[in-house]
Amino acid sequence: MTKLRKLNRPTGHRMSMLRTLVSQLIKHERIETTVAKAKEIRRLADNMVQLGKEGSLCASRRAAAFVRGDDVIHKLFSELAYRYKDRAGGYTRMLRTRIRVGDAAPMAYIEFIDRENELRQSKPPTPQPPQRAPFDPWTRSRLTRQFAPPKEEKSSDPEI
């Protein structure tokens with residue numbers, strides 16, 4: 001596993017907290033937490049949606065080892081996998097909301113995109129550029145055809 005933020009917690013407590021937060025995010029599709037926790041949840045939730053899209057037995061076992069609750073596993077592999085089948089990545093959005101009163105911690109909403117009642121509409125997909133013909137190095141470019149005079153072809157019989 002890659003490096004995670006420590007979040008001032010021992011490893012067992014940190015992993016338990018992240019597993020619970022990811023499970024609650026999948027279940028409710030939007031939660032409010034601190035910005036540092038939201039950044040970590042975003043990474044892990046995107047990985048879980050990738051496993052849901054994969055849909056294999058190995059992927060379901062890996063997701064079940066991390067996410068808590070059979071209803072969450074079912075939602076991950078049915079609803080979320082279908083919703084994001086055409087999206088390559090970036091399944092979650094983090095929106096900073098306020099400063100918490102007790103300890104002045106910056107808070108943020110983290111939510112799945114492309115769902116009803118989302119806080120901000122997702123951007124439309126960028127249009128793909130038109131397919132270009134493969135480059136042939138032996139053809140002359142438009143600029144050389146425009147500015148250079150055409151080559152004269154040599155004839156085989158000499159004119160005398």
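Along each chain, residue indices are assigned from 1 in the same order as the chain's sequence is written. For a predicted model such as this one, the threshold for reporting local features is a pLDDT of at least 70, and the threshold for listing and counting side-chain atom pairs is 80 or more; totals across whole chains, interfaces and linings nevertheless cover every residue. Each side-chain value is worked out from all heavy atoms of the structure, with water and hydrogens disregarded.

An unreviewed UniProt entry lists the protein under the name 50S ribosomal protein L17, chloroplastic, from Dovyalis caffra.

Undergrad: Can you lay out the pairing of strand S3 (residues 106-112) for me, pointing to particular residues and giving the numbers?
TA: Counting buried positions over the seven residues of S3 gives five, a clear majority of the element. Across five bridges, the pairing between strand S1 (residues 30-34) and S3 is antiparallel. Its bridge partner lying in S3, Ile31 is registered against Ile110. Paired strands, in this sense, are two strands between which DSSP finds at least two bridges. The helix count covers DSSP runs of H or I at least four residues long, the strand count covers runs of E at least two residues long, and both are numbered beginning at the N terminus. In this sheet, S3 lies alongside strand S2 (residues 92-99) in antiparallel orientation, the contact comprising six bridges. Along S3, the bridge assignment pairs Leu95 with Tyr109. Per-residue accessibility, obtained with a 1.4 Å probe over protein chains only, is compared with the maximum for each type, and a residue is labelled buried under 20%, exposed over 50%, and partly exposed between these values.

Undergrad: Describe the nonpolar core, naming the residues involved and giving the relevant values.
TA: Grouping buried Ala, Val, Leu, Ile, Met, Phe, Trp, Tyr and Cys residues that are joined through side-chain atoms within 4.5 Å yields what is termed a nonpolar core. In this structure, Val22, Ile26, Ile41, Met48, Val67 and Phe112 are the most contacted members of the largest nonpolar core, which totals 33 residues. Residue assignment for this core shows that the elements contributing at least two residues are helix H1 (11-28), helix H2 (35-54), helix H3 (57-66), helix H4 (70-83) and S3. Ignoring sequence-local partners within four residues, the contact set of Ile26 consists of Met48, Val67, Val72, Lys75, Leu76, Leu80 and Phe112. For this analysis, residues touch if any pair of their heavy atoms sits within 4.5 Å.

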